[in-house]
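Fold and contact review
Given next are the chains, with one letter for each unit.
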Amino acid sequence: MKVREWMTPDPFTLTEDDRVKTAVQHLLRAGIRHVPILRDGALVGIVTDRDLRRALPSVEAGASPAKYQAFMERTTLKQIMRSDPVTCTPDTDIADAVRTFVDRKLGAIPVVEGDEVVAIGFALGLDGDPSVTLGIVSALGRTIGTGNAFLDGLIQTDAAISSGNSGGPLVNAAGEV
């Protein structure tokens with residue numbers, strides 16, 4: 001199985017010259033946590049919701065609302081992005097991509113062909129009724145248990161937990177359980 005069967009095609013991207021405010025607004029509006037950063041159409045970095053939280057001045061720690069707003073409007077994504085992100089291609093074996101997610105503790109791997117970003121894989125929880133949770137298989141053959149009761153051969157997923165998500169069956173892209 002290949003990454004192309006699981007990737008999110010045509011991801012939203014920003015440029016390194018876009019401002020932090022633009023990234024914050026889009027991530028909140030779209031309910032995503034990662035955005036590829038481009039220069040002249042080529043991938044040069046990635047910005048995550050965690051990168052944004054780390055970079056933003058804290059009003060609780062004493063930063064004035066004016067300082068916070070100035071940072072949002074003046075700081076470019078080039079100043080806070082992670083350069084040279086880990087990438088894969090659409091033809092990467094899904095098992096290799098999963099290993100990379102787990103081994104490198106990543107939340108997203110931009111999928112590229114040449115220098116062009118064609119997809120981004122990420123875990124996304126959507127609140128609402130009914131709820132949908134999208135994730136990746138991060139481990140196979142897991143065992144959990146308490147006391148003397150154990151469950152073997154489980155599938156572990158990296159997926160956000162959405163309100164109302166009852167943990168229904170796992171399905172593949174073809175809708176098969």
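Residues numbered from 1 in each chain as written. Predicted model: local features only at pLDDT ≥ 70, side-chain atom pairs only at ≥ 80, totals over all residues. Heavy atoms only, no water.

Moving on: helix H1 (residues 20-30). Among the residues of H1, those classed as buried are Val-20, Ala-23, Val-24, His-26 and Leu-27. Contacts from the buried residues of H1 go to strand S2 (14-15), strand S3 (34-39), strand S4 (42-48), helix H2 (49-55) and helix H3 (65-74). A positive phi of about 70 degrees marks Gly-31, the residue just after H1. (Buried < 20%, exposed > 50% of the residue type's maximum accessible area, 1.4 Å probe, protein only. Helix = DSSP H or I, 4+ residues; strand = E, 2+ residues; numbered from the N terminus. Contact = heavy atoms within 4.5 Å.)

Moving on, we come to the nonpolar core. Judged by nonpolar contacts, the single largest core of 17 residues is most densely connected at Val-20, Ile-37, Val-47, Leu-52, Leu-77 and Ile-80. Listed by contribution, the elements that provide at least two residues to this core are H1, S3, S4 and H3. Counting residues per element, this core draws most heavily on H1, which supplies 4 residues. Here Val-20 is in contact with Leu-52, Leu-56, Phe-71, Met-72, Thr-75, Thr-76, Leu-77 and Ile-80, once residues within four sequence places are set aside. Val-3, Met-7, Cys-88 and Ala-97 belong to the second largest nonpolar core, which has 7 residues in total. (Core = buried A, V, L, I, M, F, W, Y, C linked by side-chain atoms within 4.5 Å.)

When you line up the elements, Cys-88 lands in the loop between strand S5 (82-83) and helix H4 (94-104). For Cys-88, a relative accessible area of 10% translates into the label buried. Setting aside anything within four residues of it in sequence, one finds Cys-88 in contact with Val-3, Ile-109, Pro-110, Val-111 and Val-112.

Moving on, we get to the sheet that holds S4. Read from one edge to the other, the open sheet built from 4 strands follows the order S2-S3-S4-S5, with strand pairing classed as mixed. Lying at the two open borders of the sheet, with one neighbouring strand each, are S2 and S5. Sheet topology note: the S2/S3 ladder contains 2 bridges and is parallel. Of the residues in S3, the one forming a bridge with Thr-15 is Leu-38. (Pairing = 2+ DSSP bridges.)

The predicted model of the protein averages 75 in pLDDT, with 66% of residues at 70 or higher. Taken element by element, the predicted model of the protein shows its lowest mean pLDDT in strand S8 (residues 124-126) (37) and its highest in S2 (94). Scored below 50 in pLDDT, residues 117-134 shows 72 contacts in the model against residues more than four places distant or in partner chains. Ignoring residues within four places in sequence, the model shows residues 160-169, a span with pLDDT below 50, making 17 contacts including any to other chains. (pLDDT = per-residue confidence, 0-100.)

In the Ramachandran plot, Asp-40 falls in the positive-phi region, its phi being about 50 degrees despite a non-glycine side chain. Relative to the helices and strands, Asp-40 resides in the loop between S3 and S4. The backbone of Asp-84 sits at a positive phi, close to 50 degrees, despite the residue not being glycine. Among the secondary structure elements, Asp-84 is positioned in the loop between S5 and H4. Given the relative accessible area of 70%, Asp-84 is considered exposed.

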